[in-house]
Amino acid sequence: MMENRIKKIAILASGAGSNAKNLILDSRNDFNTVYKVELVITNNKNAGVINVCHHLGIPCFLWKKESFVNPEFLINFLKNNNIDYIILAGFLLKISNKIIENFPNKIINIHPSLLPKYGGSGMYGNKVHEAVINNKEKESGISIHFVNENYDEGEIICQKKIELSQEETIDSLLKKIHALEHSEFPHTLRQLFIG
Ligand code: GRF
């Protein structure tokens, strides 16, 4: 039987939270009957995403790194909140096998490069864009993928490309990538959730 209940989303984020904000706003759109952002979890007490949630009235929980290493409590918390999907939007801690086993094919990450290029441990934020520019790449992009036990290695759901200009800087590339993420991430998630 087709299940068309609105999917309940938990976002995990460690940084500024522009993608989290974008998804929260998208999920509040009157026409969005596909998913709803229920809550946000961060591991970083200085993360901008805390303010984002405060302004948008979304519950935001600050959890210690230890809670992700030994995640029984976290898993129970997510299950008790009937979370269907976990979205990583700039979340820097490793997702342990226990969490993956409890949410098979239900954890999705967005990465700011064309994986498998510029992925893996230590490849995040500006480090990715810096490496892309230093290697004189002609294109970069974003990858939206399922999370497995290795950083940035799960099955790819969607990739989108952009071209780099001759004068590209880390900052200009970051802006292009963010714009691409903001337009593509909600769309890709909706498609996935509809099935
Ligand atoms: C994004 O570029 C995302 O691809 C990566 O981390 C960044 C998070 O940015 N995983 P923001 O915190 O959503 O602004």
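Residues numbered from 1 in each chain as written. Predicted model: local features only at pLDDT ≥ 70, side-chain atom pairs only at ≥ 80, totals over all residues. Heavy atoms only, no water.

> Could you give me a rundown of unusual backbone geometry, with the residues and numbers involved?
The step from Leu 115 to Pro 116 runs through a cis peptide bond, and the omega angle for that step is 10 degrees. As for its placement among the helices and strands, Pro 116 is situated in the loop between strand 5 (107-111) and helix 6 (125-134). A positive phi angle, close to 55 degrees, is found at Asn 82, a residue other than glycine. Its location among the elements puts Asn 82 in the loop between helix 4 (72-80) and strand 4 (85-88). Relative accessible area serves as the criterion here: at 48%, Asn 82 is assigned to the partly exposed category. Its identity as a non-glycine residue notwithstanding, Asn 105 has a phi of 55 degrees, on the positive side. Within the secondary structure, Asn 105 sits in the loop between helix 5 (97-102) and strand 5. When its relative accessible area of 54% is taken as the criterion, Asn 105 is described as exposed. (Helix = DSSP H or I, 4+ residues; strand = E, 2+ residues; numbered from the N terminus. Buried < 20%, exposed > 50% of the residue type's maximum accessible area, 1.4 Å probe, protein only.)

> Tell me about helix 2 (residues 48-56), and please be specific about residues and values.
Of the residues making up helix 2, those classed as buried are Val 49, Val 52, Cys 53 and Leu 56. The buried residues of helix 2 all sit within an arc of 95 degrees when viewed along its axis, so they share a single face. Exposed side of helix 2, more than 90 degrees from the buried face: His 54 and His 55 are the residues found there. Contacts from the buried residues of helix 2 go to helix 1 (18-28), strand 2 (35-42) and strand 3 (60-62). With its phi angle positive at about 70 degrees, Gly 57 sits one or two positions after the end of helix 2. (Arc of directions from axis to C-beta. Contact = heavy atoms within 4.5 Å.)

> Residue-level account of the environment of Val 37, with values.
Relative to the assigned elements, Val 37 resides in strand 2. Look at Val 37 and you get buried, because its relative accessible area is 3%. In the structure, Val 37 is positioned 25 residues away from Leu 12 in sequence and 11 Å away in space, judged by C-alpha atoms. Not counting the four nearest positions on each side in its chain, Val 37 is found in contact with Ile 9, Ile 11, Leu 23, Ile 24, Ser 27 and Ile 58.

> Describe the packing of helix 1 against helix 2, and please don't skip the residues or the numbers.
As a packed pair, helix 1 and helix 2 sit with axes 10 Å apart at the nearest point and diverge in direction by 20 degrees. Looking at the two axes, helix 1 sits roughly parallel to helix 2. For the pair helix 1 and helix 2, the sense of crossing is right-handed. Mapping the contact onto sequence places Ala 20, Lys 21, Ile 24, Leu 25 and Arg 28 in helix 1 and Val 49, Val 52 and Leu 56 in helix 2. Looking at the contact of helix 1 with helix 2 residue by residue, the class counts come to 6 nonpolar, no polar and 2 charged. (Axes fitted to C-alpha atoms, helices over the stretch in contact; angles between N-to-C directions. Parallel < 35°, antiparallel > 145°, perpendicular 65-115°, else oblique. Left-handed = near helix turned anticlockwise from the far one by under 90°. Nonpolar A, V, L, I, M, F, W, Y, C, P; charged D, E, K, R; others polar.)

> A description of the nonpolar core should follow, citing residues and the corresponding values.
Judged by nonpolar contacts, the single largest core of 36 residues is most densely connected at Ile 9, Ile 11, Leu 23, Ile 87, Ile 108, Phe 185 and Phe 193. In terms of residue count, the dominant contributor to this core is helix 7 (residues 170-194) (6 residues). Ile 41, Leu 74, Ile 75 and Ile 99 belong to the second largest nonpolar core, which has 21 residues in total. (Core = buried A, V, L, I, M, F, W, Y, C linked by side-chain atoms within 4.5 Å.)

> Outline the site of the ligand, supporting the account with residue identities and numerical values.
In the neighbourhood of the ligand, the contacting residues comprise Ala 16, Gly 17, Ser 18, Asn 19, Gly 90, Ile 110, His 111, Pro 112, His 178 and Glu 181. In this structure, an oxygen atom belonging to the ligand sits 2.8 Å away from a main-chain N or O atom of Asn 19. Residue Pro 112 places a main-chain N or O atom 3.5 Å away from an oxygen atom belonging to the ligand. A total of 360 Å² of accessible area belongs to the ligand in isolation, and the protein chains cover 87% of it. Residue assignment for the shell around the ligand shows that the elements contributing at least two residues are helix 1, strand 5 and helix 7. (Near = heavy atom within 4 Å. Polar contact = N/O pair within 3.5 Å; in protein donor to acceptor, adjacent residues only side chain to side chain. Areas by Shrake-Rupley, 256 points an atom, 1.4 Å probe, with all protein chains shown as cover.)

By themselves these figures say nothing about function.
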